[in-house]
Amino acid sequence: MCMFSFYTELLSAGLLKPLDCHIEGLQHKEGNKNYVTPLGTSSVVKHFLSESVNTSKTKELIVDYRRSRRTVHTPITIQGKVVEYMDNINLLGICISLDLTWNTSFLMRKLKKAELPTQLLKNLRRAVIESIAVAKEQLFPKSSDLYLEYHVTGLHRCGASWKVERNGGNEKFDAVVLTIPVPQILQLQGDLGNLLSVQQREQLEGVRYSSRFAIALFFSPDVVFSFSWGARYITDSHCIRYIAVDNKKRSSDAPGLGPSLVVHTSVPFGLEHLENDKDAIQPIILQELHRLLPDLPQPVSIKFQKWRYSQVLTSVPNCPGHMTILEQPLLICGGDAFTHSNFDGCVESALSVCRALQLSLD
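Cut-offs and rules
- Residues numbered from 1 in each chain as written.
- Predicted model: local features only at pLDDT ≥ 70, side-chain atom pairs only at ≥ 80, totals over all residues.
- Heavy atoms only, no water.
- Pairing = 2+ DSSP bridges.
- Helix = DSSP H or I, 4+ residues; strand = E, 2+ residues; numbered from the N terminus.
- Axes fitted to C-alpha atoms, helices over the stretch in contact; angles between N-to-C directions.
- Contact = heavy atoms within 4.5 Å.
- Salt bridge = Lys/Arg side-chain N within 4 Å of Asp/Glu carboxyl O.
- Buried < 20%, exposed > 50% of the residue type's maximum accessible area, 1.4 Å probe, protein only.

Within an unreviewed UniProt entry, the label attached to the protein reads Amine oxidase domain-containing protein, and the organism entered is Gambusia affinis.

*Asks:* Is there a simple way to explain the sheet that holds strand S14 (residues 189-190) in this structure?
*Replies:* Sheet strands line up and pair through hydrogen bonds in the backbone, either parallel or antiparallel. The 4 strands lie next to each other as S12-S11-S10-S14, forming an open sheet whose pairing is mixed. Either end of the sheet is taken by a strand with one partner, and the two such strands are strand S12 (169-173) and S14. For strand S11 (residues 161-166) and S12, the ladder comprises 5 bridges, and the chain directions are antiparallel. Bridging across to S12, Arg166 finds its partner in Gly169.

*Asks:* For this particular structure, what's the right way to read the sheet that holds strand S23 (residues 330-334)?
*Replies:* Spatial strand order, S13-S23-S22: 3 strands in an open sheet with mixed pairing. The two strands at the open ends of the sheet, each matched to only one other strand, are strand S13 (175-178) and strand S22 (322-326). Neighbour-to-neighbour, the strand axes of the sheet open up by a mean angle of 20°, direction not taken into account. The sheet strands contacting helix H11 (residues 343-361) are S13, S22 and S23, and the helix crosses S23 at an angle near 170°.

*Asks:* Explanation requested: the pattern of salt bridges in the structure shown.
*Replies:* Side-chain pairs of opposite charge can arise where the charged atoms are in close proximity. This model, assessed by the stated rule, comprises 6 salt bridges. Two residues, Glu171 and Arg166, come together in a salt bridge whose shortest N-O distance is 3.1 Å. Assessed through its relative accessible area of 28%, Glu171 is described here as partly exposed. Salt-bridge contacts for Asp246 lead to Arg250; the nearest nitrogen and oxygen are separated by 3.0 Å. Overall, the relative accessible area of 17% leaves Asp246 in the buried class.

As structure tokens, then:
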């Protein structure tokens with residue numbers, strides 16, 4: 001799948017739009033295109049999670065080789081929706097039924113007309129049927145679940161599987177893909193550290209991130225800002241680097257909701273004050289913001305965020321897309337640290353990880 005297809009899909013779904021507001025101080029690079037997510041970046045994640053297995057496009061065919069077929073099979077569910085059960089399925093023009101019979105389709109008639117050996121035709125039939133029969137077991141061993149806010153603390157190899165320790169318990173998995181920031185990967189307890197080669201450890205320890213603080217200010221619906229830009233890059237401040245009218249930048253004004261302002265600090269300021277408390281840093285940023293925008297009204301609420309791992313400054317050499325730590329049981333590291341720190345980099349790493357997973361399953 002090419003990079004262009006991802007943009008096309010997100011644009012068609014309305015989850016991505018070309019940036020059309022004025023950005024003061026933006027440095028244009030030849031060939032680059034700028035986009036925004038009207039519903040926020042999380043909408044892109046939710047979209048691909050929901051589309052990863054689309055129940056409307058997924059069908060179930062059960063091929064039972066046993067003579068006694070009295071077992072009632074539990075329906076497959078994906079995100080709470082039951083996958084439609086089918087008595088037959090069409091694959092490459094071949095209609096295959098659950099009783100292992102298949103039609104003499106156009107494809108098969110052509111093959112027979114070509115006088116292919118009988119054994120070759122039998123092998124084709126066996127390969128096609130077996131591939132469908134095992135698909136359910138390989139792809140849908142049970143319904144997939146998504147868990148958020150799980151703090152993973154350790155990885156332990158247990159024979160042919162991984163025991164993943166998290167806050168409040170542990171679970172076992174056949175394969176693990178880590179996309180957390182590299183320093184957090186290196187901090188995981190258990191067997192991971194012993195599995196890294198000298199070269200892998202050196203490459204991971206060489207990854208560097210920028211750090212910064214972010215503040216979101218929310219205003220009442222009657223507030224109208226005196227400036228016309230949607231975002232502005234700051235060059236004359238000791239701590240603030242970027243300010244955006246978030247709803248204007250995203251073209252996502254909603255009835256009854258006031259405007260919001262997002263402020264990012266500079267990387268040097270973030271590194272200098274990274275370990276300081278919120279109560280010490282927030283007043284400094286707000287004071288500087290009011291110096292830059294003296295007519296700014298009082299917000300109704302403020303959200304403060306310490307962004308320890310903001311963007312990748314130095315990625316893994318040669319941008320491999322992923323790093324396989326162990327092949328059996330599979331343990332892969334991925335993310336923008338293995339490519340480069342933007343949307344394209346994240347997609348490139350995701351595709352690289354998927355190829356590695358597919359090779360492992362094959």
